[in-house]
Amino acid sequence: PWERLGNRVRSHKMTARTIYALTAGHKPVVVTNHFYMRPDIRDSLYTQFFFWCIMDEKEGPILVDQSFTQQCLDEMNITHTVKEHPLEMLARIGVKPEDVRHVILSHLHWDHYAGDTFYPNARYYVHQKEIEYVTGPLMRFHTYAQHYNFKAIENLLHMQFSGRVELLQGDSEPLCDGITCIRMGGHTPGLLSIAIETGRNTKIICSDVIPRYQNISEMTPCGIHYNVTEALMALEKIKSIAKSTENILPGHDPEITARYPQTAPGVYRVS
């Protein structure tokens, strides 16, 4: 079925769209966070914090995740300094908060969604399995709960009650013509990857299905997950849809900043 999805996405004639990777910088990361059961990897690794902006002719700017601010880090006692506010990075590509009408949340870990209320006109998209997970009984365990900002989840529920959140339920959900949200799971139950037809190829924003290019080249899943089997199957889904590693956009690999041109500080044009 993932083969057919890839062919279907590529078969459409889409409007022009550009993808930008925006980064709040990087920090050292424990190897086993990015590579499950791989203590043999001795390299010093850094996790790069990305969120993404798809500039679409019809829909305007579409965000995938929305990064975090220093306030989130302080609340969670995380050692990192945010040098640039997410809104400042968006301003560098001409995006104002009120222009954003769609925010896709790949999942709800703090580094992808910190709960900041930046976009007053936006509708948020998140998988129902993700909401069920973060409001379910497993959050009593620190092992799972440590990855979430409680205030962020509270804010998302407020938006849901006010009708601003659309819960995705299937394994493949189109946001609009040429942009498809695909449930991957593994890392979290509702983890999404986003397939984006650019007119030349189909890029896949993988989020934490694939933190680094090495995850897909060695078929090694992320070290943080709730279901390792589902995490492995997600790698196969990505390979089937993307066809080439050139179309894969990992969630945390600093290599992104070397592969693609920087158009402004912290902003990289992917397509």
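Look a little higher up for the structure.
Below or above, wherever it landed, is the structure these notes cover. (Residues numbered from 1 in each chain as written. Predicted model: local features only at pLDDT ≥ 70, side-chain atom pairs only at ≥ 80, totals over all residues. Heavy atoms only, no water.)

**A few points about the sheet that holds strand β10 (residues 202–207)**
One open sheet accounts for five strands, arranged β7-β8-β9-β10-β11; its pairing is mixed. One side of each edge strand has no neighbouring strand; the edge strands of this open sheet are β7 (172–176) and β11 (248–250). Strand-to-strand, the axes of this sheet are offset by a mean angle of 20°, without reference to chain direction. Here β10 runs beside β11; their pairing, made up of three bridges, is parallel. Bridge assignment links Ile 205 to a residue of β11, and that residue is Leu 249. On top of the sheet, helix α9 (residues 228–242) reaches β8 (179–183), β9 (192–197), β10 and β11; it is set at about 165° to β10, its chief contact. (Pairing = 2+ DSSP bridges. Helix = DSSP H or I, 4+ residues; strand = E, 2+ residues; numbered from the N terminus. Axes fitted to C-alpha atoms, helices over the stretch in contact; angles between N-to-C directions. Contact = heavy atoms within 4.5 Å.)

**Considerations on the layout of surface pockets**
Of the voids in this model, the largest pocket is the one considered here, and its volume is about 450 Å³. Contributing to the lining of the largest pocket are 20 residues, with Asn 33, Trp 110, Asp 111, His 147 and Ile 224 lying nearest its centre. Among the secondary structure elements, those contributing two or more residues to the lining of the largest pocket are β1 (17–29), α2 (31–34) and β2 (45–56). With three residues, the top contributor of residues to the lining of the largest pocket is β1. Residues that form the lining of the largest pocket fall into these classes: nine nonpolar, eight polar and three charged. (1 Å grid on protein atoms, 1.4 Å probe; cavity = no way out; pocket = protein on both sides within 12 Å on 5 of 7 lines; lining within 4 Å. Points joined across faces, edges and corners; volume = space filled by probe spheres on them. Nonpolar A, V, L, I, M, F, W, Y, C, P; charged D, E, K, R; others polar.)

**Details of the nonpolar core**
The biggest cluster of nonpolar side chains holds 31 residues, and the ones touching the most others in it are Leu 22, Leu 90, Leu 108, Tyr 119 and Leu 156. Secondary structure elements with two or more residues in this core: β1, β2, α4 (86–91), β5 (123–127), α5 (128–134) and α7 (150–161). In contact with Leu 156, not counting residues within four places along its chain, are Leu 105, Leu 108, Tyr 113, Val 126, Ile 131 and Val 165. Formed by 24 residues, the second largest nonpolar core is a distinct cluster that contains Ile 19, Tyr 125, Ile 194 and Ile 205. (Core = buried A, V, L, I, M, F, W, Y, C linked by side-chain atoms within 4.5 Å. Buried < 20%, exposed > 50% of the residue type's maximum accessible area, 1.4 Å probe, protein only.)

**Points about empty space enclosed by the protein**
This structure, assessed with the given rule, holds one cavity of 30 Å³ or more. By volume, the largest cavity amounts to about 50 Å³. Contributing to the lining of the largest cavity are Gly 185, Gly 186, His 187, Leu 191, Asp 208, Val 209, Pro 221, Cys 222, Ile 224, His 225, Ala 231 and Ala 234. A breakdown of the residues in the lining of the largest cavity according to their chemical character gives seven nonpolar, four polar and one charged.

This is a description of form; function is not addressed.
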